[in-house]
Amino acid sequence: MSELTALTIAGIREGLRRKDFSAVELTEAYLAAIERFNQAFNAYVAVTPERALEMAGESDRRIAEGEARALEGVPLGIKDLFCTKGIHSQAASHVLDGFKPPYESTVTANLWRDGGVMLGKLNMDEFAMGSSNETSYYGPVVNPWRRRGGNAQLVPGGSSGGSAAAVAAHLCAGATATDTGGSIRQPAAFTGTVGIKPTYGRCSRRGIVAFASSLDQAGPIARTVRDAAIMLRTMASVDPKDTTSADVEVPDYEAAIGESVKGLRIGIPREYRVDGMPEEIEKLWQAGMDWYRAAGAELVEISLPHTKYALPAYYIVAPAEASSNLARYDGVRYGLRVPGDDIVDMYEKTRAAGFGREVKRRVLIGTYVLSAGYYDAYYLRAQKVRTLIKRDFEEAFQAGIDAILTPATPSSAFGIGEKAGGDPVEMYLNDIFTVTVNMAGLPGIAVPAGLDPAGLPLGLQLIGRPFDEATLFRAAQVIEDSAGSFTPEAWW
Amino acid sequence: MSVDIATVKRVAHLARIRVTEEEAAALQGELNAILGFVEQLNEVDVAGVEPMTSVIPMAVKRREDVVDDGGIAADIVRNAPLTDENYFLVPKVVE
Ligand SMILES: NC(=O)CC[C@H](N)C(=O)O
């Protein structure tokens, strides 16, 4: 790792301002790192060096003229789920073979407007369905972290596994990601990075390939809390092209960092203390509580009684919405087409060849729960349970809780292939602590908080009130200040 | 509830995904594992509970009823596997 790629986004901002290096030099350092090391991680599925250098050149011109923008010259990786005009955007699926969107997603357009530099597109679970990045058409991503003394390849989490691995391995300064049930926070926790899923409606979904529309949200993965705050401010916007984009002003999140948490009421939900929870997760959670107490916050035990139903309800709602959203991949308008005897034969062969196993499984479950006679028993009931899950949180916030502290994941990173057995539910259980937040539309941030006995990173999660990401950044900084930050030892 | 092989095949056809016998057999086990997992939702008392429609309460946005985009047929068909002029081509649907 060269020195330049070790800088945080805040550090890049400072260094460019002081003219310690140019944006082009910085981008060249990243492109060289990708060239040398991407094969070790399989994090990028497409690299865009020409575009990157052109954007960096423009950044240098702006800086010379004293007109630097918020993300001027910052080299970023973009999850393959985001449409980027004229550039590979396939949701890591074979069914979108060759797809190059004729338009730009709102989130990425915001990043370029503020001077960000695009390095390329990042690997992910196919259509964002997964918790390990093993469902990608492009193959798994390798976590830059290894168990102490071991050389087994570990997953980086998913679905934003490429984003998390690239940030942790210093193959980009920050990355875009998306989170439907945990896909920003779980990979962040597995790689010692910071990831925030903002409130539903905070970032526009325009131009992001849809998985489950009522749950999907974009957010950043970055190396520090401050970097995540800098990125989210640019990514978030009110967008007339997304009817679910909320008409709420985007604050300066960075301003909240460093503010005291004295008097903040932090909820500790008893239902998150699950059976069989590894001791190191308990300890980490306890450490988090101690840090807040020391910082003057008040800890309050709370109850969120419907917690355990969030994951099963998610596995009805998300596949149902996915089966509908993925109906568009039919071999007619874009991507792969396998010829058939008639139109139905063509559809069936195209979708059979284009979708991977996990995606097929989801589409089938979704089709089943929405099919005649089953809608009320499954989908309607799940949406009612969802109302109850949200109500639990509302009651806690009404009782004066400012943020809720939980573990981010039930374990540290596991080995590639380790959870590939016949029971898909084993993999789904990765998201027990994160999925509640999507079901309730709330913001949640994962912050690295320590290492497990094998030397792998573990994260804590903070859950906030709707549109109160600022409090999450403020509170998350306390964890970062107390725990420090975590960088994998380079073996690559 | 659980699904049998015939149901798996019927649902796959509804979803327009061709499955082999082997795939159908594997999917049956996997789908039943998921259906078994979600079964616990039946424990929840949902009497009188409204199903969620919008996770963040917001008014549906309106806009002027005017044409503000369009005329980009070439862009729209650009990614299609088979086209003729500005048309998508599909196998013959009517005789
Ligand atoms: N995109 C996501 O947040 C994925 C969540 C969950 N792991 C799933 O597979 O659906």
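Residues numbered from 1 in each chain as written. Chains lettered and ligands numbered in written order. Predicted model: local features only at pLDDT ≥ 70, side-chain atom pairs only at ≥ 80, totals over all residues. Heavy atoms only, no water.

1. Some remarks on the environment of Gly441(A)
- Position of Gly441(A) relative to the elements: it lies in the loop between α14 (435–439) and β10 (444–451).
- Here Gly441(A) is in contact with Lys197(A), Thr199(A), Tyr200(A), Val55(B) and Ile56(B), once residues within four sequence places are set aside. (Helix = DSSP H or I, 4+ residues; strand = E, 2+ residues; numbered from the N terminus. Contact = heavy atoms within 4.5 Å.)

2. With respect to the pairing of strand β9 (residues 403–407) of chain A
All names here are of chain A.
- Most of β9 is tucked away: five of the five residues are buried.
- Burial along β9 is two-sided: Ala403, Leu405 and Pro407 facing one way and Ile404 and Thr406 facing the other are all buried.
- In the sheet, strand β7 (residues 265–269) pairs with β9 via two bridges, with the strands oriented parallel. Note on β9: the bridge partner recorded for Ile266 is Ala403.
- Looking at chain direction, β9 and strand β11 (residues 457–464) are connected through five bridges and run antiparallel. By the bridge assignment for β11, Leu405 is matched with Leu462. (Buried < 20%, exposed > 50% of the residue type's maximum accessible area, 1.4 Å probe, protein only. Pairing = 2+ DSSP bridges.)

3. Overview of the pairing of β7(A)
Residues and elements named next belong to chain A.
- Most of β7 is tucked away: four of the five residues are buried.
- Relative to strand β8 (residues 298–302), β7 runs parallel, the two sharing five bridges. What sits directly across from Arg265, in β8, is Glu298.
- The parallel pair β7 and β8 is bridged by helix α8 (residues 279–294), and the resulting crossover is right-handed. (Right-handed = clockwise from strand over helix to strand, strands pointing away.)

4. Examining the packing of helix α9 (residues 310–325) of chain A against helix α11 (residues 357–370) of chain A
Residue and element names in this part refer to chain A.
- The contact between α9 and α11 brings their axes to 7 Å, and the two run at 100 degrees. Accordingly, the angle class assigned to the pair α9 and α11 is roughly perpendicular. Contact residues: Tyr315, Ile316, Pro319, Ala320 and Ser323 in α9; Arg362, Val363, Ile365, Gly366, Thr367, Val369 and Leu370 in α11.
- Class assignment for the residues of the contact of α9 with α11 results in eight nonpolar, three polar and one charged. (Axes fitted to C-alpha atoms, helices over the stretch in contact; angles between N-to-C directions. Parallel < 35°, antiparallel > 145°, perpendicular 65-115°, else oblique. Nonpolar A, V, L, I, M, F, W, Y, C, P; charged D, E, K, R; others polar.)

5. Focus: the UniProt feature "domain: Amidase" (unreviewed entry) in chain A
- Here the UniProt feature "domain: Amidase" (unreviewed entry) sits at residues 25–472 of chain A.
- Between the C-alpha atoms that bound residues 25–472 of chain A there is a distance of 34 Å. The span itself is 36% helix and 14% strand. (UniProt positions renumbered as here; feature names shortened; annotations may be inferred.)

6. A closer look at the interface of chain B and chain A
- Each side of the interface is counted separately: chain B has 48 residues, and chain A has 74 residues.
- Approximately 5400 Å² of surface area, both sides summed, lies buried where chain B meets chain A, with 69% of it carried by carbon and sulfur atoms.
- In this assembly, chain B and chain A are joined by six salt bridges.
- With a shortest N-O distance of 3.6 Å, Glu23(B) and Lys360(A) are connected by a salt bridge.
- Across the chain B-chain A interface, the total number found is 18 residue pairs in polar contact (both at pLDDT 80 or more).
- Counting only elements with at least two residues in the side of chain B that touches chain A, the list comes to α1 (5–14) and α2 (21–38) of chain B. (Buried area = accessible area lost by both parts, 1.4 Å probe. Salt bridge = Lys/Arg side-chain N within 4 Å of Asp/Glu carboxyl O. Polar contact = N/O pair within 3.5 Å; in protein donor to acceptor, adjacent residues only side chain to side chain.)

7. Some details on α11(A)
- Taking 1.5 Å per residue, 14 residues should reach 20 Å; α11(A) reaches 20 Å between its end C-alpha atoms and fits that length.
- For α11(A), the buried fraction is high: twelve of the 14 residues fall into the buried class.
- Where α11(A) is concerned, the buried positions are Glu358(A), Val359(A), Lys360(A), Arg361(A), Arg362(A), Val363(A), Leu364(A), Ile365(A), Gly366(A), Thr367(A), Tyr368(A) and Val369(A).
- The inward-facing, buried residues of α11(A) abut α9, α10 (343–354), α12 (376–398) and α13 (424–428) of chain A together with α1 and α2 of chain B. (Expected span 1.5 Å × (residues − 1).)

8. Quick notes on empty space enclosed by the protein
Residue and element names in this part refer to chain A.
- Scanning all chains against the criterion turns up two cavities of 30 Å³ or more.
- In this structure, the largest cavity spans a volume of roughly 80 Å³.
- Lining the largest cavity are 14 residues, and of these Ala128, Gly130, Ser183, Tyr314 and Asp431 sit closest to its centre.
- Classifying every residue of the lining of the largest cavity by side-chain character gives five nonpolar, seven polar and two charged.
- In this structure, the second largest cavity spans a volume of roughly 30 Å³. (1 Å grid on protein atoms, 1.4 Å probe; cavity = no way out; pocket = protein on both sides within 12 Å on 5 of 7 lines; lining within 4 Å. Points joined across faces, edges and corners; volume = space filled by probe spheres on them.)

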